[in-house]
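Tertiary structure, described
Here is how the chains run, residue by residue.
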Amino acid sequence: MTRRRQIYEGKAKILYEGPEPGTLIQYFKDDATAFDATKRGTINGKGVINNRISEHVFTRLTHIGIPTHFIRRLNMREQLVRQVEIIPLEVIVRNVAAGSICKRLGLEEGEPLPHTLIEYCLKDDALHDPLVTEEHIACFGWATNEEMQDISAMAIRVNDFMAGMFAAINIRLVDFKIEFGRIWDGDFSRVILADEISPDGCRLWDMATGEKLDKDRFRRDLGGEEEAYQEVAKRLGLLQDDGTPGEVLDLTAHRKLRGKSEKPKK
Ligand code: TMP
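A short tour of the structure in this document, coming up.

Cut-offs and rules
Residues numbered from 1 in each chain as written. Predicted model: local features only at pLDDT ≥ 70, side-chain atom pairs only at ≥ 80, totals over all residues. Heavy atoms only, no water. Near = heavy atom within 4 Å. Polar contact = N/O pair within 3.5 Å; in protein donor to acceptor, adjacent residues only side chain to side chain. Areas by Shrake-Rupley, 256 points an atom, 1.4 Å probe, with all protein chains shown as cover. Helix = DSSP H or I, 4+ residues; strand = E, 2+ residues; numbered from the N terminus. Nonpolar A, V, L, I, M, F, W, Y, C, P; charged D, E, K, R; others polar. Pairing = 2+ DSSP bridges. Axes fitted to C-alpha atoms, helices over the stretch in contact; angles between N-to-C directions. Contact = heavy atoms within 4.5 Å. Buried < 20%, exposed > 50% of the residue type's maximum accessible area, 1.4 Å probe, protein only. Arc of directions from axis to C-beta. Salt bridge = Lys/Arg side-chain N within 4 Å of Asp/Glu carboxyl O. Disulfide = S-S within 2.5 Å.

1. Quick notes on the site of the ligand
- By nearness alone, 14 residues border the ligand, and Arg94, Ser100, Asp175, Lys177 and Arg203 come closest of all.
- Taking Asp175, its side chain carries an N or O atom lying 2.5 Å from an oxygen atom of the ligand.
- Burial of the ligand by the protein chains amounts to 78% of its free accessible area of 450 Å².
- For the shell around the ligand, the secondary-structure elements that each account for two or more residues are β9 (89–96), β12 (171–185) and β14 (202–206).
- Residues that form the shell around the ligand fall into these classes: four nonpolar, three polar and seven charged.

2. A closer look at the sheet that holds strand β2 (residues 13–17)
- In space, the five strands of this open sheet follow the order β1-β2-β3-β7-β6, with antiparallel pairing throughout. At either end of the open sheet lies a strand with only one pairing partner, and these are β1 (6–9) and β6 (70–73). Taking each pair of neighbouring strands and ignoring which way they run, the sheet shows an average axis angle of 25°.
- Note: β2 against strand β3 (residues 23–28), five bridges, orientation antiparallel. From the neighbouring strand, Tyr16 faces β3, where its bridge partner is Ile25.
- Against the sheet, helix α1 (residues 46–63) engages β3, β6 and β7 (78–82), with an angle of about 130° to β6.

3. Digging into helix α6 (residues 225–235)
- For α6, the set of buried residues is Glu225, Ala228, Tyr229, Val232 and Ala233. One face of α6 carries all of its buried residues, which in axial projection span an arc of 135°.

4. Topic: the pattern of salt bridges
- Applying the stated rule across the entire model yields 29 salt bridges.
- Note that Lys123 is salt-bridged to Glu179, the shortest N-O span being 3.2 Å. Note that Lys123 is positioned in the loop between β10 (112–122) and β11 (131–132) and Glu179 in strand β12, a separation of 56 residues in sequence.
- The shortest N-O distance in the salt bridge between Lys234 and Asp241 comes to 3.8 Å.

5. Concerning the state of the cysteines
- Overall, the coordinates contain zero disulfides when judged by the stated rule.
- For Cys121, which is in no disulfide, the shortest distance to another cysteine sulfur is to Cys102 and amounts to 14 Å.
- Relative accessible area serves as the criterion here: at 9%, Cys121 is assigned to the buried category.
- Free of any disulfide, Cys202 has its nearest neighbouring cysteine sulfur in Cys121, separated by 15 Å.
- Residue Cys202 is classed as buried on the basis of its relative accessible area, which comes to 3%.

So this is what it looks like as structure tokens:
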């Protein structure tokens with residue numbers, strides 16, 4: 001195997017130098033952490049599933065016009081992505097009260113919020129990712145006001161799309177975290193969706209039973225995290241009961257086929 005230059009190792013992923021300038025390889029690990037990595041563990045097969053789920057979601061988001069860093073999946077645990085300058089914010093979108101907002105505001109877990117809420121946290125484990133306002137973001141220059149407009153508009157579109165996608169498979173999208181990055185073209189930059197979207201950074205509840213199908217199983221020692229991640233992949237059509245990859249409709253293939261049949265007949 002050829003040696004690749006490692007650019008960065010995070011808690012759940014490793015970034016390697018990509019084959020062309022401006023690209024990176026994103027490797028998904030099975031490592032799971034919680035509470036700023038004070039709790040550590042492994043969820044067997046998580047990297048493989050998150051790579052696949054993230055590919056699925058990012059591909060579909062691209063189809064509805066959301067710009068993302070995703071280029072293509074390379075193998076079971078790796079995907080090729082565009083290199084971005086990460087904006088140091090965790091963008092959290094909430095539809096239903098759960099997790100830190102319940103503690104902070106005394107809400108009951110499971111209470112639907114009056115409307116979708118976006119929160120911003122500074123990406124800094126040493127400071128425990130503190131909640132920050134748009135005033136802080138502008139004041140300290142983490143992102144410009146223009147970038148924040150794009151970020152909040154994209155976050156809402158991602159939420160609308162994902163809430164529908166999960167509702168169709170009987171999963172309630174309670175909340176999720178996304179990250180954005182800047183790409184530069186000369187002196188101009190634009191913001192695109194980066195990182196990953198997977199059960200690591202989403203709260204996903206079964207609609208009928210309320211069962212948690214996400215990393216809260218690990219955070220709260222509920223057990224069954226492997227099965228929960230597999231269940232999400234299965235319902236999305238990405239994994240079959242026997243563990244082999246699922247036959248989800250490949251929209252690109254579909255378009256190619258349609259293109260063929262639409263050619264004028266001689
Ligand atoms: P919270 O309720 O703990 O603030 O989490 C909100 C959402 O963000 C939840 O879906 C889990 C996700 N999340 C991350 O992806 N990374 C983190 O470090 C934290 C704290 C939450």
